[in-house]
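Here is what each chain is made of, one letter per residue.
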Amino acid sequence: LNDFEDNPSRDNEEISSFYLGTLESSKNSGLSSSSYELSQYMNGAEHSDAAPQPYGGEHAVPLTSTLSLLMPLFLKLCIFSDQAHVHQMSAPLKYSIPHAVISFGPAGQLIRVTTGLSAQENVSHLEIHSLEVILSETQEQHEMRSFPGPLTREDLHKVDAIEFAHQMAGACTRDNKLQDKSSAALLWNILILLCRQNGQIVGSDIAELLMQDSHSDGSCPSDAPTLIDFNEDTTAEAPPCKGDDLLTGNRSSFSSENSEKGLQTYTQLLLAGRKKEALESAMTSGLWGHALFLASKMDNRSYMTVLNRFTGQLTPSDPLQTLFQLRSGRIPAAATCCGNEKWGDWRPHLAVMLSNETGDPAIQQKAIVTMGDTLASRGLIHAAHVCYLTASVPFGVFTQKAERLALLGSSHRKLFECFATNTAIQCTELYEYCQTLGNKSFSIPSFQVYKFLYANRLLDCGLSSQAFDYCEVVGQAILRHQEPFFVLTGEVVKLSDRLRYSEGQFSEAGLHRDGQEPDWLKHLRARHHSLQVIRFFSLFTSYYVYLCVRGNVSVVTAVQGRIKSWRKCMIYEGF
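Cut-offs used in this document
Residues numbered from 1 in each chain as written. Predicted model: local features only at pLDDT ≥ 70, side-chain atom pairs only at ≥ 80, totals over all residues. Heavy atoms only, no water. UniProt positions renumbered as here; feature names shortened; annotations may be inferred. Helix = DSSP H or I, 4+ residues; strand = E, 2+ residues; numbered from the N terminus. Contact = heavy atoms within 4.5 Å. Areas by Shrake-Rupley, 256 points an atom, 1.4 Å probe, with all protein chains shown as cover. Buried < 20%, exposed > 50% of the residue type's maximum accessible area, 1.4 Å probe, protein only. Phe/Tyr/Trp six-rings, centres within 6.5 Å; stacked < 30°, edge-to-face > 60°. Salt bridge = Lys/Arg side-chain N within 4 Å of Asp/Glu carboxyl O. Pairing = 2+ DSSP bridges. Axes fitted to C-alpha atoms, helices over the stretch in contact; angles between N-to-C directions. Parallel < 35°, antiparallel > 145°, perpendicular 65-115°, else oblique. Left-handed = near helix turned anticlockwise from the far one by under 90°. Nonpolar A, V, L, I, M, F, W, Y, C, P; charged D, E, K, R; others polar.

In the nomenclature of an unreviewed UniProt entry, the chain is known as Protein transport protein sec16 of Astatotilapia calliptera. Looking at the chain in UniProt, the text filed under Subunit (unreviewed entry) is "SEC16A and SEC16B are each present in multiple copies in a heteromeric complex."

A.B. asks: Any chance you could break down the overall build of the chain for me, citing the residues and the numbers?
C.D. replies: Of the regular secondary structure elements, the chain holds 26 helices and five strands. The long-range fraction of contacts in the chain, counting pairs at least 24 apart against all pairs at least 6 apart in sequence, stands at 55%. Total accessible area on the chain is roughly 34,300 Å²; 54% of this is exposed by carbon and sulfur atoms.

A.B. asks: Lay out the side chain of Gln426 in plain terms, naming residues and giving numbers.
C.D. replies: Its place among the elements puts Gln426 in helix 21 (residues 422–436). Since its relative accessible area comes to 4%, Gln426 is described here as buried. Ignoring anything within four residues of it in the chain, the contact list for Gln426 reads Glu143, Phe147, Phe164, Trp188 and Tyr454.

A.B. asks: Before we move on, can you summarise the packing of aromatic side chains with the specific residues and values?
C.D. replies: By the definition in use, this model includes 13 aromatic pairs. Ring geometry for Phe164 and Trp188: centres 5.9 Å apart, planes at 80°, overall edge-to-face. With Phe164 in helix 8 (residues 158–174) and Trp188 in helix 9 (residues 181–196), this pair connects stretches of sequence that are 24 residues apart. Exposure remark for Trp188: the relative accessible area of 3% places this residue in the buried category. Note on Phe416 and Phe419: the rings are 6.1 Å apart at their centroids and 55° apart in plane angle, and the pair reads as tilted. Of the two residues, Phe416 and Phe419 both sit in helix 20 (residues 416–419), three residues apart, roughly one turn of that helix. Phe416 gets classed as partly exposed once you look at its relative accessible area, which sits at 33%.

A.B. asks: Outline the pattern of salt bridges, listing residues and values.
C.D. replies: Within this structure, the stated rule accounts for ten salt bridges. Note that Glu280 and Arg309 form a salt bridge whose closest N and O atoms lie 3.6 Å from each other. Of this pair, Glu280 sits in helix 12 (residues 275–285) while Arg309 sits in helix 14 (residues 300–311); the two residues are 29 residues apart in sequence, bridging distant segments of the chain. Between Arg347 and Asp345 there is a salt bridge, and its shortest N-O distance comes to 3.3 Å. With a relative accessible area of 7%, Asp345 lands in the buried category. One network of salt bridges, in which partners are shared, links Asp497, Arg500, Glu517 and Arg525.

A.B. asks: Kindly report on the sheet that holds strand 3 (residues 125–130), identifying the contributing residues and their values.
C.D. replies: Ordered in space as 1-2-3, the three strands form an open sheet in which the pairing is antiparallel. For this open sheet the edge positions go to strand 1 (101–104) and strand 3, each flanked by a neighbour on one side alone. For this sheet, the mean inter-axis angle between neighbouring strands, taken without regard to orientation, is 20°. Alignment of strand 1 against strand 2 (residues 109–114), held across four bridges, turns out to be antiparallel. Bridge assignment links Val101 to a residue of strand 2, and that residue is Val113.

A.B. asks: Got a sec to walk through the packing of helix 18 (residues 361–377) against helix 19 (residues 381–390)? Specific residues and values, please.
C.D. replies: It is the contact of helix 18 with helix 19, at a shortest axis distance of 8 Å, that shows an interaxial angle of 165°. Comparing the axis directions of helix 18 and helix 19 gives the class roughly antiparallel. Our pair here, helix 18 against helix 19, has a crossing hand that is left-handed. Packed against helix 18, whose contacting residues are Ile368, Val369, Met371, Gly372, Asp373, Leu375 and Ala376, the element helix 19 presents Ile381, Ala383, Ala384, Cys387, Tyr388 and Thr390 at the interface. For the contact of helix 18 with helix 19, the per-class residue count stands at ten nonpolar, two polar and one charged.

So this is what it looks like as structure tokens:
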């Protein structure tokens, strides 16, 4: 008993390894009452709680604790009394028979190791499979193969990019799951136009593209008076009949006799020098041409009154209302109300704003951006992104929800899994490629991380060669920018080191460039090293300032010496 009390944990470890079931039953029966005792029974080690005090005095332990201390000794005596029948049990095998081990290689390989099923077969079989071949029939790999990325490579012709955009536009029109499939197809068609024009957006060309089948969905009622006919079918127009309004081309509500009478009244009032009465008579008689001309020669207030009376005859959804309001220096009402059935199709309003430049480009851009915000609030993401592209809205990041644009065709207010889709990445890369046709050094800084994400997805599908090409594109873009992409730079370097010795990087003569790493990877590795030094130096400087504030003189002196030595090293290494 004294030996047991000297080292209780060692004996309890032996007991707990044989009689776990007995100890659990003792716990259930109430013999163990404290957490310390339960830990002694079940784990065979001392618990963090305070150990029970010796028996006696004011610190006497309860009866249940005394029984708990005697129970391990009792169990040990029972074991030793029948030691011949007790055999130590070994840990059970996880698998009853030898099994295969599967692992993934660093560059798109599936490695399988199988062992012999009998004791005579001691040879293991190693199989190396290609994920590219295994996943060749999957839909995901087929979609990635159809995209000719990365689009900035030298052997790519823009005809291939245009063909891919045509296929995506056709797929959008056939996809019934899309909320606004016509706008999704329109977004791809605008990218085709940008690719053909080397990234230069021309308002009249986009307006023509917008008006193709613009009345197919949500069109304005046919009986609503409009001054512009957007139908492509043009017929020979007859000369205006007598009594027709020369400005609008519509037949006046007044008869020919009434029109002549109104013109006579208008003339008589002018002969009498009563210009205000003549102006009112012209508007009442529907002589808008005479009214506008007379008002233009009068004061500005009279001209605005005639103009408002004239535009008031049009429906609010008429594109001319949008044009007149925009030319007046105001944000058109269509920009804040479009996207519902009452206002009809939004594309004619955007077309009339793009094809008619105003004296203040800021008002025009604000009106287009406002229209995009309205469409985005109604869930029409593709339509909103069409507006943002035409207004040259910059790309933002996923975490900043106030930004308007992060990836084309996808809302960054969704979950990241639903946001960063392959289609959205491909669409944004195509837009970036269109801009590089006119500016070789163009790239979207916030988009580089998504191209790296796309490279990892290519590697998951076994397409290691394309993944390495994307690493090169992202690495070169990082080197062109001055932003410190610290985390992204390190990840690109690590993935490039994995992939540069893969099967796709070998040639008949051996390793690529005699086993040397590419120049862009060398420069990228040096950039990452310099970022590490700068970050650590800034942290160490902050610690130095903190010590100066605290007044620790001895430590400050040591830190000053270390900073001087680091500066010499940085100057020597060229940082």
